[in-house]
Amino acid sequence: MRYSLFNVIVNGLTKNLFAECAWRDPDPRPAYDVLVIGGGGHGLATAYYLAKNHGIANVAVLEKGWIGSGNAGRNTTIFRSNYLLPGNEPFYEHSLKLWEGLEQELNYNVMASQRGIVNLIHSDAQRDAYVRRGNAMRLAGADSELLDAAQVRKLLPFLNYDDARFPIKGGLLQARAGTARHDAVVWGYARGADKLGVDILQNCEVTGFLRGADGAVTGVETVRGPIRAKKVALAVAGSSSRLASKLDLRLPIESFVLQAFVSEAIKPLIPGVFTFGAGHFYISQSDKGGLVFGGDLDGYNSYAQRGNLPVIEDVMEGGMALLPLLGRLRLLRQWAGLCDMSMDGSPIIDIGPLPGLYLNAGWNYGGFKATPASGWCFAHTIARDEPHPLTAAMRLDRFRTGHVIDEKGVGAQPNLH
């Protein structure tokens with residue numbers, strides 16, 4: 001069923017008499033052309049673009065829980081393309097362009113709102129860095145605007161401009177950035193992929209891999225039985241290392257917990273997204289009125305989807321330094337997602353080190369905003385057995401050859417060997 005105002009009215013008047021399920025719940029078939037492991041945004045987008053762009057619809061997406069139960073529902077909903085380096089910026093700009101037409105593409109309301117993002121400037125050196133980044137964005141076709149202190153004050157009058165420790169000297173604005181409903185993005189891609197013939201297999205955890213005589217990956221073992229495939233693609237975010245270990249592979253990534261928070265609802269206050277340049281703090285306001293904010297990683301490796309109190313304290317301190325009115329609000333809830341942090345802070349989209357295996361991992365802080373382009377480029381890599389031009393630098397072997405994309409070096413113990 002195509003969603004439209006007419007269908008909303010008809011189903012409202014008939015108590016959903018003509019409504020249909022958004023996607024099927026099929027049983028696994030014995031074999032597929034492609035298996036995509038991971039039913040989050042990246043996995044579902046990959047399956048959707050495999051069918052739409054490359055005509056490969058004999059695809060199954062395997063999800064160990066329900067659709068949207070992993071990192072897809074555990075982020076702060078921001079999309080943007082304000083990156084610096086040529087290995088990243090064109091990719092994220094392509095993603096932003098896909099975001100701009102995503103609702104029409106999927107016939108699904110993902111609640112995308114291009115309200116803009118401002119990176120605040122607190123020092124002369126930071127201004128120089130943001131000028132460089134803004135120019136790099138423009139060279140890649142993205143929009144950017146350098147704001148002085150007066151322009152920031154006009155746009156964000158509620159900030160603390162009297163703090164001598166963290167003076168606000170300006171900001172870098174990307175007006176096309178914004179936020180989207182994370183769950184709706186996953187549901188939209190699931191519905192779109194299903195419509196094109198893709199099987200979405202929920203509660204189908206992968207427990208092992210099937211291997212050929214030459215070591216090639218020929219399928220998976222799951223809690224619902226073995227499934228064979230010509231190609232197997234991994235898109236499981238923070239669980240990438242654990243799944244790769246079942247193939248005796250050691251990936252150059254580490255998993256950390258990233259916390260997020262939301263306050264009680266207040267009247268409209270924050271027009272878009274802004275970030276604290278003197279600490280790791282970012283904030284926006286949801287459609288329900290709650291202030292959504294986050295900060296830095298918890299400082300240890302973990303697969304637990306919960307956080308710790310020291311990081312909560314650090315985030316609140318950063319928020320209070322920038323936005324003292326937060327002290328009047330109650331924290332409503334907290335959640336955490338798993339980030340697979342690569343050693344150079346940039347992702348991996350590549351043909352895997354074993355025949356029949358394809359890898360999508362290492363998204364660091366950028367997983368949600370990359371969802372459309374990640375699926376687009378990963379589908380190209382799987383279908384054509386070659387990297388997409390936009391992800392040519394995101395090769396797995398860059399850590400061996402030294403061609404890293406050092407957007408931001410992260411990871412407590414860079415295991416590059």
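Note: the structure precedes this text.
Residues numbered from 1 in each chain as written. Predicted model: local features only at pLDDT ≥ 70, side-chain atom pairs only at ≥ 80, totals over all residues. Heavy atoms only, no water.

(A) Main features of the overall build of the protein. Looking only at helices and strands, one finds 11 helices and 18 strands in the protein. For a compact globule of 417 residues, the expected C-alpha radius of gyration is about 22 Å, and the protein comes in at 22 Å, within 12% of that figure. Here the C-alpha coordinates of the protein stretch approximately 65 × 65 × 40 Å along the principal axes. The buried share among the 417 residues of the protein stands at 56%. For the protein, the accessible surface area stands at approximately 18200 Å², while carbon and sulfur atoms represent 54% of it. Considering the protein, the positive charge centre built from 42 side chains and the negative charge centre built from 40 side chains are found 3 Å apart. (Helix = DSSP H or I, 4+ residues; strand = E, 2+ residues; numbered from the N terminus. Rg over C-alpha atoms; globule rule 2.2 N^0.38 Å. Buried < 20%, exposed > 50% of the residue type's maximum accessible area, 1.4 Å probe, protein only. Areas by Shrake-Rupley, 256 points an atom, 1.4 Å probe, with all protein chains shown as cover. Lys, Arg positive; Asp, Glu negative; His and termini not counted. Charge placed at Lys NZ, Arg CZ, Asp CG, Glu CD.)

(B) Focus on the packing of helix α2 (residues 41–54) against helix α10 (residues 371–384). Across the interface, α2 lies against α10 with an axial gap of 7 Å and an inter-helix angle of 55°. In terms of orientation, α2 lies oblique with respect to α10. As for the relative orientation of α2 and α10, their crossing is right-handed in sense. Taken together, the residues of α10 that come into contact with α2 (itself represented by Gly41, His42, Ala45, Thr46, Tyr49, Leu50, Asn53 and His54) are Thr371, Pro372, Ser374, Gly375, Trp376, Phe378, Ala379, His380, Ile382, Ala383 and Arg384. (Axes fitted to C-alpha atoms, helices over the stretch in contact; angles between N-to-C directions. Parallel < 35°, antiparallel > 145°, perpendicular 65-115°, else oblique. Left-handed = near helix turned anticlockwise from the far one by under 90°. Contact = heavy atoms within 4.5 Å.)

(C) Region of the structure containing a negative patch on the surface. Taken together, the side chains of Asp296, Glu313, Asp314 and Glu317 define an acidic patch exposed on the protein surface. Residue contributions to the negative patch peak at three residues, all from helix α9 (residues 309–322). Inspection of the secondary structure puts glutamate 317 in helix α9. (Patch = residues over 30% accessible without salt bridge, like charges linked within 9 Å, V, L, I, M, F, W, Y side chains within 5 Å. Salt bridge = Lys/Arg side-chain N within 4 Å of Asp/Glu carboxyl O.)

(D) Local environment of a nonpolar patch on the surface. There is a patch of nonpolar side chains on the surface, built from Leu5, Val8, Ile9 and Leu13 and spanning about 460 Å² of accessible area. Inspection of the secondary structure assignment puts leucine 5 in helix α1 (residues 5–13).

(E) Representation of the nonpolar core within the structure. Ranked by size, the top nonpolar core spans 49 residues in total, and within it Leu44, Tyr49, Leu50, Val59, Phe91 and Tyr189 carry the most contacts. Contributions of two or more residues to this core are made by β1 (31–37), α2, β2 (59–62), α3 (89–100), α4 (102–106), α7 (182–195) and α10. With residues near it in sequence (within four places) discarded, leucine 50 still touches Val34, Val36, Gly55, Ile56, Val59, Ala379, Ile382 and Ala383. (Core = buried A, V, L, I, M, F, W, Y, C linked by side-chain atoms within 4.5 Å.)

(F) Representation of the pattern of salt bridges. The full count for this structure, using the stated rule, is 17 salt bridges. The partner of lysine 52 in a salt bridge is glutamate 105, and the shortest N-O contact between them spans 3.5 Å. Taken together, the residues lysine 52 in helix α2 and glutamate 105 in helix α4 connect sequence positions 53 residues apart. Lysine 52 gets classed as partly exposed once you look at its relative accessible area, which sits at 42%. A salt bridge links arginine 400 to aspartate 397; its shortest N-O distance comes to 3.9 Å. Looking at arginine 400, the relative accessible area reads 66%, which means it is exposed. Connected through shared salt-bridge partners, Arg24, Arg29, Asp194 and Asp199 make up one network.

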